[in-house]
Amino acid sequence: MTGKTMRERMLAGELYLADDPQLAADDARAQGLTHRINTTDPTDHETLRALLTELLGGFGEGAYIRPPLRCDYGYQTTFGARSFANWGLVCNDVATISIGEDVQIGPGVHLLTSTHPLEPGPRRDKWEAAKPIVVGDNVWLGGGVIVCPGVTIGADTVVGAGSVVVRDLPAGVLAVGSPARVVRRLDEQA
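This section reports on the structure supplied with the text. None of the values given here were measured: they were computed from a predicted structure.

1. Here's the deal with the side chain of Asp93
Then, in step 1: Inspection of the secondary structure puts Asp93 in the loop between strand S7 (89-92) and strand S8 (97-99).
Then, in step 2: One buried charged residue, Asp93, forms no salt bridge at all, with the nearest opposite charge on Arg29 at 7.9 Å.
Then, in step 3: Engagement of the side chain of Asp93 in a polar contact is seen with the backbone nitrogen of Asp72, the distance being 3.0 Å.
Then, in step 4: Contacts of Asp93, omitting those with residues within four sequence positions, involve Cys71, Asp72, Tyr73, Gly74, Tyr75, Gln76, Thr77 and Thr113.

This is how it looks when you write it as C-alpha cells:
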C-alpha cells in the first residue's frame with residue numbers, strides 16, 4: 001500500500017476503498033447540491049445555473065441540465081458550452097466525465113465510470129476503481145443511453161436511444177444497439 005489517501009488513489013485511477021472520510025465529505029457535498037438542484041423551481045434558471053456551476057468541475061456558457069440530476073462528486077464532471085441534458089442524467093463521476101460543447105443528452109442517460117474487480121475476494125472487500133468518459137463536441141446521446149467506463153465518443157456522433165456503449169466510437173457516425181455498433185458514417189446518405 002502506498003502512502004496515498006483513498007481519495008488520491010481514486011483520482012489517480014487506482015483501486016481504492018470508498019469509505020475514506022474525505023470522499024464521504026465530497027459525496028455529502030455533491031448530494032446536498034444535487035438535492036438543492038432537484039428541488040429548485042425549474043423555471044429559476046439563475047439559481048439552477050449557480051448551483052450547477054458550484055457542483056460541477058466546469059459548466060460552460062449557455063449549458064443547461066434539466067433536473068433531476070445525480071452524481072457521485074460533481075467536481076469530476078465538466079459540461080461544455082451550449083450543451084443540454086434532459087431529465088434524469090446520471091453522472092457516476094468517480095473518474096472524470098468530460099462532455100464537449102453543443103452536446104445533446106436525452107432523458108435517462110447514464111454515464112458510468114465506476115469499475116469493480118472481477119475477482120470475488122477484492123470485490124467482497126469493497127475495492128473499486130474507475131475509468132474516464134469523454135463525450136466529444138456536437139454528440140447526441142438518445143434517451144436511455146448507457147456509456148460504460150473508459151469510453152470516448154468522437155465529435156458529431158449520434159448514439160441511438162437505449163444503446164449501451166462499451167467501446168470507443170469514432171467521430172461522425174451513427175451507433176445503435178447493445179452493445180452499440182456503428183451503423184453508418186453520418187456523411188453518407190441514409
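2. Quick look at the sheet that holds strand S10 (residues 110-112)
Then, in step 1: A sheet is described by the order of its strands in space; here five strands give the open sequence S4-S7-S10-S15-S18, paired in parallel fashion. Lying at the two open borders of the sheet, with one neighbouring strand each, are strand S4 (69-71) and strand S18 (164-165).
Then, in step 2: Pairing analysis gives three bridges linking S4 to S7, with the strands arranged parallel. Bridge assignment links Arg70 to a residue of S7, and that residue is Val90.

3. Topic: the nonpolar core
Then, in step 1: Phe79, Leu111 and Leu141 are the most contacted members of the largest nonpolar core, which totals 37 residues.
Then, in step 2: Those elements giving two or more residues to this core turn out to be helix H2 (21-39), helix H3 (45-55), strand S3 (64-65), S4, S7, S8 and strand S13 (133-135).
Then, in step 3: For this core, the element with the most residues is H3, which contributes four residues.
Then, in step 4: With sequence-adjacent residues up to four places away left out, Leu141 is seen in contact with Gln104, Ile105, Gly106, Val109, Leu111, Val147, Ile153 and Val159.
Then, in step 5: Formed by nine residues, the second largest nonpolar core is a distinct cluster that contains Met10, Leu23, Tyr73 and Ala130.

4. Here we look at H2
Then, in step 1: The end-to-end C-alpha distance of H2, which contains 19 residues, comes to 27 Å, matching closely the 27 Å that a straight helix rising 1.5 Å per residue would cover.
Then, in step 2: Within the span of H2, buried status applies to Leu23, Asp26, Ala30, Leu33, Thr34 and Ile37. In a view along the axis of H2, the buried residues occupy a sector of 100°, so they form one face of it. Counted as exposed and oriented over 90 degrees from the buried face of H2: Pro21, His35 and Thr39.

5. Re the pattern of salt bridges
Then, in step 1: In total, this model carries five salt bridges according to the counting rule given.
Then, in step 2: For the salt bridge of Glu101 with Arg82, the shortest nitrogen-to-oxygen distance reads 3.2 Å. One end of the pair, Glu101, is in the loop between S8 and strand S9 (104-105); the other, Arg82, is in the loop between strand S5 (77-79) and strand S6 (84-85), and 19 residues separate them in sequence.
Then, in step 3: On the accessibility criterion, Glu101 (36% relative accessible area) is partly exposed.
Then, in step 4: On the accessibility criterion, Arg82 (44% relative accessible area) is partly exposed.
Then, in step 5: For Arg82, the salt bridge identified is with Asp102, shortest N-O distance 2.8 Å. Here Arg82 is found in the loop between S5 and S6, whereas its partner Asp102 is found in the loop between S8 and S9, with 20 residues between them in sequence.
Then, in step 6: Through salt bridges that share partners, Arg82, Glu101 and Asp102 make up one connected network.

6. A word on H3
Then, in step 1: Of the positions making up H3, those classed as buried are Leu48, Leu51, Leu52 and Leu55. The buried side chains of H3 occupy one side of the element, clustering within an arc of 100° when seen end-on.
Then, in step 2: Here the buried face of H3 lies against H2, strand S2 (58-59), S3 and S4.

7. What about the packing of H2 against H3?
Then, in step 1: Interaxial distance between H2 and H3 falls to 10 Å at its minimum, and their mutual angle equals 165°. Taken together, the axes of H2 and H3 are roughly antiparallel relative to one another. Crossing handedness for the pair H2 and H3: left-handed. Counted together, Arg29, Ala30, Leu33, Thr34, Arg36 and Ile37 of H2 and Leu48, Leu51, Leu52, Glu54 and Leu55 of H3 form the full contact between these two elements.
Then, in step 2: Considered class by class, the residues forming the contact of H2 with H3 number seven nonpolar, one polar and three charged.

What counts, and at which threshold
- Residues numbered from 1 in each chain as written.
- Predicted model: local features only at pLDDT ≥ 70, side-chain atom pairs only at ≥ 80, totals over all residues.
- Heavy atoms only, no water.
- Helix = DSSP H or I, 4+ residues; strand = E, 2+ residues; numbered from the N terminus.
- Buried < 20%, exposed > 50% of the residue type's maximum accessible area, 1.4 Å probe, protein only.
- Lys, Arg positive; Asp, Glu negative; His and termini not counted.
- Salt bridge = Lys/Arg side-chain N within 4 Å of Asp/Glu carboxyl O.
- Polar contact = N/O pair within 3.5 Å; in protein donor to acceptor, adjacent residues only side chain to side chain.
- Contact = heavy atoms within 4.5 Å.
- Pairing = 2+ DSSP bridges.
- Core = buried A, V, L, I, M, F, W, Y, C linked by side-chain atoms within 4.5 Å.
- Expected span 1.5 Å × (residues − 1).
- Arc of directions from axis to C-beta.
- Axes fitted to C-alpha atoms, helices over the stretch in contact; angles between N-to-C directions.
- Parallel < 35°, antiparallel > 145°, perpendicular 65-115°, else oblique.
- Left-handed = near helix turned anticlockwise from the far one by under 90°.
- Nonpolar A, V, L, I, M, F, W, Y, C, P; charged D, E, K, R; others polar.

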